[in-house]
Amino acid sequence: MTTVVITGANRGLGLALAKRYRALGATVIGGCRKPDAAVDLAAAGAEVHPLDTGSGASIAAFGAAVGDRPVDVLFNNAGIDATAVGADDGARGALDLTEAQFRSVIDVNLLGPLLMVQALADNLRAARGKVINVSSQVGSFEVAPRIGRDASYASSKAALNMLSLKQSQVLQPDGVSVIALHPGWVRSDMGGPRATLEPADAASSIASVVDGLTIDQTGSFLQWDGSVHPW
């Protein structure tokens, strides 16, 4: 049976991915900060564990909960922007953010995926699995000059793209694929009500892309529909 691990699985795209993979018959192991409040995730039949991707100790504990089970797909989906750590919505530029705000975003969005892959590397090798680092179009050097007000978020996603490339080089000999993925503009707490994609639609498309992903595509930056995203 396919086993899928999803971080930030209690809402938005993460929850939609959990529901999609459960509908496909997969075992879903979901991580979130407040598992007792993850009612919809548990109702979907997912295994729920506490996980704060801004904490190395929490990631290690989550890895221990997964144990030695082979992992077919890891979605590094959990992410925050600077408003989650106290920044004013209109004060997220490169000259506005505090050191603590910027570091907090980097901890969750970049170091979290780094440590998650390290914690589950043997599980992924056992399944010749796939790592999906959920990035963003604002992490693209081609796109970011036009959109993206949050300097910490854009910087974290640009760095995540590079990390994905470096992870792919290390894991390719073991048959593990790693990609960065722009999930589209998803109608969620972060995406907002004006976003163009419903979480369920994005999750369905992403699951199809992941299912068809081959080792030859490792190191790619893709969009939710499988098309190549500019770096």
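Above this text sits the structure in question.
Here is a short report on the structure shown in this document.

## A closer look at the overall build of the protein chain
For the protein chain, the count of helices and strands is 7 helices and 7 strands. Helices (α) and strands (β) of the protein chain occur, in sequence order from the N terminus, as β-α-β-α-β-α-β-α-α-β-α-β-α-β. Computed over the C-alpha atoms, the radius of gyration of the protein chain is 16 Å, within 12% of the 17 Å expected from 2.2 N^0.38 for a compact globule of 231 residues. Residue burial in the protein chain is summarised as follows: out of 231 residues, 49% are buried. For the protein chain, restricting intrachain contacts to residue pairs at least 6 apart in sequence, the fraction spanning at least 24 positions comes to 66%.

## Side note on the pairing of strand 5 (residues 130–134)
Side-chain direction in a regular strand flips from residue to residue, so the side chains alternate between the two faces of the sheet. Counting buried positions over the 5 residues of strand 5 gives 5, a clear majority of the element. The pairing of strand 4 (residues 73–76) with strand 5 spans 4 bridges and is parallel. Of the residues in strand 5, the one forming a bridge with Val73 is Lys130. Here 5 bridges tie strand 5 to strand 6 (residues 177–182), and the two strands are oriented parallel to one another. Considered in strand 6, the bridge of Asn133 is made with Ala180. Between the parallel pair strand 5 and strand 6, the chain is carried across by helix 6 (residues 151–171), and the sense of this crossover is right-handed.

## Thoughts on the pattern of salt bridges
Tallied over the full model, the rule gives 9 salt bridges. Ionic pairing is found between Arg33 and Asp52, a salt bridge with its closest N-O pair at 3.6 Å. Here Arg33, found in the loop between strand 2 (27–32) and helix 2 (39–43), pairs with Asp52, found in the loop between strand 3 (47–50) and helix 3 (56–66); they are 19 residues apart in sequence, far enough to count as distant. Judged by its relative accessible area of 27%, Asp52 falls in the partly exposed class. Each of Asp81, Asp89, Arg92, Arg149 and Asp150 takes part in one network of salt bridges that share partners.

## Overview of the layout of surface pockets
Put simply, the second largest pocket is a space of about 210 Å³. Surrounding the second largest pocket, 13 residues form its lining, Thr2, Tyr21, Val73, Val210 and Asp211 being those nearest its centre. No other element matches helix 7 (residues 199–211), which puts 3 residues into the lining of the second largest pocket. Classifying every residue of the lining of the second largest pocket gives 6 nonpolar, 3 polar and 4 charged.

## Structural notes on the nonpolar core
Ile6, Leu17, Tyr21, Phe75, Ile132 and Ile206 are the most contacted members of the largest nonpolar core, which has 30 residues in total. Within the residue set of this core, elements represented by two or more residues are strand 1 (3–7), helix 1 (12–23), strand 2, strand 4, strand 6 and helix 7. Setting aside anything within four residues of it in sequence, one finds Tyr21 in contact with Val4, Ala26, Val28, Phe75, Ala207 and Val210. One finds Leu120, Val131, Val176 and Val178 within the second-largest nonpolar core, a separate group that totals 16 residues.

## With respect to unusual backbone geometry
Of note in this structure, Arg128 is not a glycine but carries a positive phi near 50°. In this structure, Arg128 sits in the loop between helix 5 (121–127) and strand 5. Take Arg128: its relative accessible area is 57%, and that puts it in the exposed class.

## Topic: the packing of aromatic side chains
Under the criterion given, the structure shown has 2 aromatic pairs. Taken together, a centroid distance of 5.8 Å and an interplanar angle of 55° make the contact between Tyr21 and Phe75 tilted. Of this pair, Tyr21 sits in helix 1 while Phe75 is found in strand 4, placing the two residues 54 residues apart along the sequence. Exposure remark for Tyr21: the relative accessible area of 7% places this residue in the buried category. With a centroid separation of 5.4 Å and 45° between ring planes, the pair formed by Phe221 and Trp231 is classed as tilted. Here the residue Phe221 occupies a position in strand 7 (residues 221–223), and Trp231 occupies one in the segment after strand 7, the gap between them amounting to 10 residues. Trp231 sits in the partly exposed class, given a relative accessible area of 45%.

## A few points about the packing of helix 1 against helix 7
Two elements in contact, helix 1 and helix 7, have axes whose closest approach is 8 Å; the angle formed by their N-to-C orientations is 60°. One way to sum up the angle between helix 1 and helix 7 is to call them oblique. Of the two elements, helix 1 crosses helix 7, and the hand of that crossing is right-handed. Here Gly12, Leu13, Ala16, Leu17, Arg20 and Tyr21 of helix 1 come into contact with helix 7, specifically with Pro199, Ala200, Ala202, Ala203, Ser204, Ile206, Ala207 and Val210.

Definitions and cut-offs
Residues numbered from 1 in each chain as written. Predicted model: local features only at pLDDT ≥ 70, side-chain atom pairs only at ≥ 80, totals over all residues. Heavy atoms only, no water. Helix = DSSP H or I, 4+ residues; strand = E, 2+ residues; numbered from the N terminus. Rg over C-alpha atoms; globule rule 2.2 N^0.38 Å. Buried < 20%, exposed > 50% of the residue type's maximum accessible area, 1.4 Å probe, protein only. Contact = heavy atoms within 4.5 Å. Pairing = 2+ DSSP bridges. Right-handed = clockwise from strand over helix to strand, strands pointing away. Salt bridge = Lys/Arg side-chain N within 4 Å of Asp/Glu carboxyl O. 1 Å grid on protein atoms, 1.4 Å probe; cavity = no way out; pocket = protein on both sides within 12 Å on 5 of 7 lines; lining within 4 Å. Points joined across faces, edges and corners; volume = space filled by probe spheres on them. Nonpolar A, V, L, I, M, F, W, Y, C, P; charged D, E, K, R; others polar. Core = buried A, V, L, I, M, F, W, Y, C linked by side-chain atoms within 4.5 Å. Phe/Tyr/Trp six-rings, centres within 6.5 Å; stacked < 30°, edge-to-face > 60°. Axes fitted to C-alpha atoms, helices over the stretch in contact; angles between N-to-C directions. Parallel < 35°, antiparallel > 145°, perpendicular 65-115°, else oblique. Left-handed = near helix turned anticlockwise from the far one by under 90°.

Coordinates in, geometry out; function isn't part of it.
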